[in-house]
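# Chain and residue survey
Okay, here's what each chain looks like letter by letter:
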Amino acid sequence: MGENGKGGVVAMACDHGGLALKTVLKAALLDGGAEVLDLGVNDAASVDYPDYADALAAAIADGRASRGVLVCGSGIGISIAANRHAHIRAALVHDAYGARMSRRHNDANVIVFGGRTIGDEVAKDCLEIFLATPFEGGRHQRRVDKLGAKA
Ligand code: RB5
């Protein structure tokens, strides 16, 4: 899978509800030659999704990865947790259109899936689009600039 000419490591993290899909997406990324930083979880025990969103946000903040993939059962909790970090723009994606627009208009740096709500092949397609699509900039940059932390 390409990465918008930027290269860079793709960090991945999930809770128990997202493990099956993270495993599928990790294999697809590695098959495509991407470098992956797997931050867990890697067994089926019940864990708390904010811990994994925080770990991924830290990896992007300190430069260990440039993009991220998060998965929980619905995708909702781990999205909320990730977007608490001002440097993260995490997009919960369900289809190719959302994956494309999350990059073109929102400059999302993290794609999020619900492991219990999306099929493996659709998610793989979305991830490939996410990694290959550039940000359009222009008027969208002004809007993205307004996405910082709010009181
Ligand atoms: C875990 O059962 C589930 O609540 C979690 O994966 C996620 O869906 C939360 O938003």
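Please read all numbers here as calculations on a predicted model, not as lab measurements.

### Structural notes on the pattern of salt bridges
It is possible for side chains bearing opposite charge to pair when their charged atoms get close. Summed over all chains, the structure comprises six salt bridges. Ionic pairing is found between Glu121 and Lys124, a salt bridge with its closest N-O pair at 3.3 Å. Taken together, the residues Glu121 and Lys124, both in helix 5 (residues 120-132) and three residues apart, mark about one turn of the helix. In this structure, a network of salt bridges that share partners links the residues Lys22, Lys26 and Asp38.

### A short note on the packing of helix 1 (residues 19-31) against helix 5
Between helix 1 and helix 5, the shortest axis-to-axis distance is 10 Å and the interhelical angle comes to 50°. When the axis of helix 1 is compared with that of helix 5, the two are oblique. Note on packing geometry: the crossing formed by helix 1 with helix 5 is right-handed. In this structure, helix 1 uses Leu21, Val24, Leu25, Ala28 and Leu29 to contact helix 5, whose residues at the interface are Asp120, Ala123, Lys124, Leu127 and Leu131. Per-class residue counts for the contact of helix 1 with helix 5 are eight nonpolar, no polar and two charged.

### Observations regarding the nonpolar core
Among the nonpolar cores identified, the biggest contains 45 residues, and Val69, Leu70, Ile111, Phe113 and Leu127 are the most heavily contacted of them. Put simply, the parts of the chain that give this core at least two residues each are strand 1 (10-14), helix 1, helix 2 (49-61), strand 3 (67-72), helix 3 (76-82), strand 4 (90-92), strand 5 (110-114) and helix 5.

### Notes on the pairing of strand 1
With five of its five residues buried, strand 1 lies for the most part within the structure. Side chains of strand 1 alternate between two faces, with Val10, Met12 and Cys14 and Ala11 and Ala13 buried alike. Of the strand pairs in this sheet, strand 1 and strand 2 (residues 36-38) are connected by three bridges, and their pairing is parallel. Note on strand 2: the bridge partner recorded for Met12 is Asp38.

### Concerning a positive patch on the surface
Together, Arg139, Arg142, Arg143 and Lys146 line one region of the surface with positive charge. Within the fold, Arg142 resides in helix 6 (residues 139-145).

### Some details on the sheet that holds strand 2
Reading across the sheet, the five strands line up as 2-1-3-5-4 and stay open at both edges, with parallel pairing between neighbours. Where the open sheet ends on each side, the last strands, each with one partner, are strand 2 and strand 4. Going from strand to strand, the sheet's axes swing by 20° on average, the running direction of each strand aside. Running over the sheet, helix 2 touches strand 1, strand 2, strand 3 and strand 5 and is turned about 175° from strand 3.

Each value, and the rule that gives it
Residues numbered from 1 in each chain as written. Predicted model: local features only at pLDDT ≥ 70, side-chain atom pairs only at ≥ 80, totals over all residues. Heavy atoms only, no water. Salt bridge = Lys/Arg side-chain N within 4 Å of Asp/Glu carboxyl O. Helix = DSSP H or I, 4+ residues; strand = E, 2+ residues; numbered from the N terminus. Axes fitted to C-alpha atoms, helices over the stretch in contact; angles between N-to-C directions. Parallel < 35°, antiparallel > 145°, perpendicular 65-115°, else oblique. Left-handed = near helix turned anticlockwise from the far one by under 90°. Contact = heavy atoms within 4.5 Å. Nonpolar A, V, L, I, M, F, W, Y, C, P; charged D, E, K, R; others polar. Core = buried A, V, L, I, M, F, W, Y, C linked by side-chain atoms within 4.5 Å. Buried < 20%, exposed > 50% of the residue type's maximum accessible area, 1.4 Å probe, protein only. Pairing = 2+ DSSP bridges. Patch = residues over 30% accessible without salt bridge, like charges linked within 9 Å, V, L, I, M, F, W, Y side chains within 5 Å. Areas by Shrake-Rupley, 256 points an atom, 1.4 Å probe, with all protein chains shown as cover. Lys, Arg positive; Asp, Glu negative; His and termini not counted. Charge placed at Lys NZ, Arg CZ, Asp CG, Glu CD.

Any link to function would need more than the numbers given here.
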